[in-house]
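Report on the structure
Chain by chain, the residues:
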Amino acid sequence: MSCVIAGGGPAGAMLGLLLARAGVEVTLLEKHGDFLRDFRGDTIHPSTLQVLDELGLAQEFLKLPHRKAYGLTLVSDTGDTRVASLRGLPGKYNYIAFVPQWDFLKLITSAASRYPSFRLLMNAEAYGLIREGDTVRGLRYRDESGEHEIRADLTVAADGRHSALRGRAGLVPQELGAPMDVVWFRLPRLEQDRDDTFLRVSSGHMMVAINRETYWQLAYLIPKGGYGELTRKGIDALREPVARLLPWIADRAPQIRSFDDVSVLTVAINRLRRWHRPGFLCIGDAAHAMSPVFGVGINLAVQDAVATANLLAGPLRSGTPIPEAALHRLQRRRMLPARLTQAAQRVVQTLVVSRALNRRFDASRLPRDLTKVPLVNRLAPRFLGFGIRPEHVQVKEI
């Protein structure tokens, strides 16, 4: 076995596809029986659309139910503020595609399954590492039939911000802090509702509304660690701000019957100082957990996967031992985008999220169209669309 990957999210699924496409024997483990998780992100940015195009999957992707967002709008008590427009971006893709992540992951893993060197194990939870001295030689996992081992030349932890394998490797992330957690829930969408996906800000409250055609996926931001207090106040403490923030949906707020109808995402921004051990590598959220700000988590994970495949597919296919120095080169390449993106997220958390939740954000001072500010118009679309150091598929299909 050349490579085993723990975690069937965007980083793990994309890496599995790229390696299998390059003729590398690879096994991908997903601990759940499906990819259905409401709190998984929906935003597929132009950088990821370009990767799909390079893989010949763009048209297949665009057949999935999706919505295109050509810009970002902030809705406040005083009106709408146009924050960014992507229409001027170069290339084919000047929009963000909102697609439920489970559809995206099914597309990627289905494409990977066309290659004989790819194997997907569902309901398979990775919990330990196989070691020979200081070198990792594979992983241990459990499924319905018991406990098993997979030996591999490279073991990749793509198992998210609570990575079990990262901890087994003795890698501890540096916590950078976040002022909020997110309560996820859904409400029906009617034809007369507004059509876009948007950010709603008011004094003491903040919410993201994602249009999923037949329903709204809503993310209500609460102060960090505040979910216990919210539940103690009762379900009306959630229904009331929803109705106030979105008055046109107020009659549907009672459909949030109890806290059983919501999910909670504990927001964290962190990153590893070191992403690797001999024979072992962390990518995606296992290496750098991102805030929901800008919705770029999927895209950073995909870029990590592309860079990993570009660098390591050849040695893995040929059976050449991978020196730890090669893993460190991968970390150096992807650390800069992670650091700069997290820095930008922290600025927004400080200047917008914290102020909004603490009733200190005054949206009336914003111009109605930030895209007319030259610096914003030049930098914001490229940052949102392509991020820092976008990767391109270089490894050839075998």
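How each quantity is defined
- Residues numbered from 1 in each chain as written.
- Predicted model: local features only at pLDDT ≥ 70, side-chain atom pairs only at ≥ 80, totals over all residues.
- Heavy atoms only, no water.
- Salt bridge = Lys/Arg side-chain N within 4 Å of Asp/Glu carboxyl O.
- Helix = DSSP H or I, 4+ residues; strand = E, 2+ residues; numbered from the N terminus.
- Buried < 20%, exposed > 50% of the residue type's maximum accessible area, 1.4 Å probe, protein only.
- Core = buried A, V, L, I, M, F, W, Y, C linked by side-chain atoms within 4.5 Å.
- Contact = heavy atoms within 4.5 Å.
- Pairing = 2+ DSSP bridges.
- Axes fitted to C-alpha atoms, helices over the stretch in contact; angles between N-to-C directions.
- 1 Å grid on protein atoms, 1.4 Å probe; cavity = no way out; pocket = protein on both sides within 12 Å on 5 of 7 lines; lining within 4 Å.
- Points joined across faces, edges and corners; volume = space filled by probe spheres on them.
- Parallel < 35°, antiparallel > 145°, perpendicular 65-115°, else oblique.
- Left-handed = near helix turned anticlockwise from the far one by under 90°.
- Polar contact = N/O pair within 3.5 Å; in protein donor to acceptor, adjacent residues only side chain to side chain.
- Nonpolar A, V, L, I, M, F, W, Y, C, P; charged D, E, K, R; others polar.
- Phe/Tyr/Trp six-rings, centres within 6.5 Å; stacked < 30°, edge-to-face > 60°.
- Expected span 1.5 Å × (residues − 1).

1. Some remarks on the pattern of salt bridges
Applying the stated criterion to the full structure yields 23 salt bridges. Here R114 makes a salt bridge to E60, at a shortest N to O gap of 2.9 Å. In this pair, R114 is assigned in the loop between α4 (101–112) and β8 (118–121) and E60 in helix α3 (residues 58–62), connecting sequence segments 54 residues apart. Here R114 falls in the exposed class, since its relative accessible area comes to 52%.

2. As for the nonpolar core
Soluble globular proteins tend to pack their nonpolar side chains together in the buried interior. By size, the foremost hydrophobic cluster in this structure holds 82 residues, and its most contacted members are M14, L17, L19, F61, F104 and F280. Those residues in contact with F61 that sit more than four places away from it in its chain are I44, L49, L52, A97, V99, F104 and L107. Judged by nonpolar contacts, the second largest core, of 28 residues, contains L74, L89, L357 and F361.

3. A closer look at the sheet that holds strand β16 (residues 205–211)
What links the strands of a sheet is backbone hydrogen bonding, and the strands pair in either a parallel or an antiparallel sense. Spatial strand order, β6-β5-β15-β16-β17-β14-β18: seven strands in an open sheet with mixed pairing. Each having just a single partner strand, β6 (79–85) and β18 (263–265) make up the two edges of the open sheet. Averaged over all adjacent pairs, the angle separating strand axes in this sheet is 25°, with direction ignored. Examined bridge by bridge, strand β14 (residues 180–188) and β18 share three bridges and lie antiparallel to one another. Bridging across to β18, V183 finds its partner in V264.

4. A look at empty space enclosed by the protein
Summed over all chains, the structure comprises one cavity of 30 Å³ or more. Approximately 120 Å³ is the volume found for the largest cavity. For the lining of the largest cavity, the element with the highest residue contribution is helix α10 (residues 374–386), accounting for four residues.

5. Comments concerning the packing of helix α8 (residues 297–318) against helix α9 (residues 324–357)
Contact geometry of α8 with α9 gives a least axis separation of 10 Å together with a crossing angle of 160°. Viewed along their axes, α8 and α9 adopt a mutual orientation that is roughly antiparallel. For the pair α8 and α9, the crossing hand works out as right-handed. On the side of α8, the interface is formed by L300, Q303, D304, A307, T308, L311 and L312, while α9 contributes A326, L327, R329, L330, R333, R334, P337, A338 and T341.

6. Looking at the environment of R151
Assignment of secondary structure puts R151 in strand β11 (residues 146–151). Between the C-alpha atom of R151 and that of C3, which follows or precedes it by 148 residues, the distance is 8.4 Å. Here the side chain of R151 touches E132 through a polar contact of 2.3 Å, side chain to side chain.

7. With respect to the layout of surface pockets
Reported here for the second largest pocket is a volume of approximately 350 Å³. Around the second largest pocket, the lining comprises 15 residues; the ones closest to its centre are H205, Y220, P223, L230 and K233. Secondary-structure elements contributing two or more residues to the lining of the second largest pocket are β17 (215–223), α6 (227–233) and α7 (236–245). Sorting elements by how many residues they give to the lining of the second largest pocket places β17 first, with four residues. Of the residues that constitute the lining of the second largest pocket, the class distribution is eight nonpolar, three polar and four charged.

8. Observations regarding the sheet that holds strand β22 (residues 288–289)
Strand order in the open sheet formed by three strands is β13-β19-β22, with antiparallel pairing between adjacent strands. Either end of the sheet is taken by a strand with one partner, and the two such strands are β13 (174–175) and β22. Looking at chain direction, β13 and strand β19 (residues 270–271) are connected through two bridges and run antiparallel. For E175, the partnering residue across the bridge sits in β19 and is N270.

9. Re the pairing of β6
Summarising the sheet, strand β5 (residues 71–76) and β6 pair through six bridges and their orientation is antiparallel. Following the sheet pairing, L72 is matched in β6 by A84. The antiparallel pairing of β5 with β6 creates a hairpin that spans two residues between the two strands.

10. Some points on the packing of aromatic side chains
What characterises a pair of aromatic rings is the spacing of the ring centres plus the angle enclosed by the ring planes. Counting across every chain of the model gives eight aromatic pairs. Centroid distance W216 to W248: 5.5 Å. Interplanar angle 55°. Geometry classified as tilted. Within this pair, whereas W216 is found in strand β17, its partner W248 is found in the loop between α7 and β18, the two being separated by 32 residues in sequence. Take W216: its relative accessible area is 0%, and that puts it in the buried class.

11. Remarks on helix α1 (residues 10–21)
Here α1 spans 16 Å end to end across twelve residues, near enough to the 16 Å set by a 1.5 Å rise per residue. Most of α1 is tucked away, with twelve of its twelve residues classed as buried. When we look at burial in α1, the residues that qualify are P10, A11, G12, A13, M14, L15, G16, L17, L18, L19, A20 and R21. Once α1 finishes, G23 follows within two positions and takes phi at roughly 85°, a positive value.

12. A closer look at the packing of α1 against α8
Between α1 and α8, the least distance of the axes is 8 Å, while the angle of their chain directions is 30°. In this view, α1 runs roughly parallel relative to α8, as classed from their interaxial angle. Along this stretch, α1 crosses α8, giving a crossing that reads as right-handed. Across the interface between the two elements, P10, A11, M14, L15, L18 and L19 from α1 touch I298, A301, V302, A305, V306, T308, A309, A313 and L316 from α8.

Read these as geometric descriptors, not functional statements.
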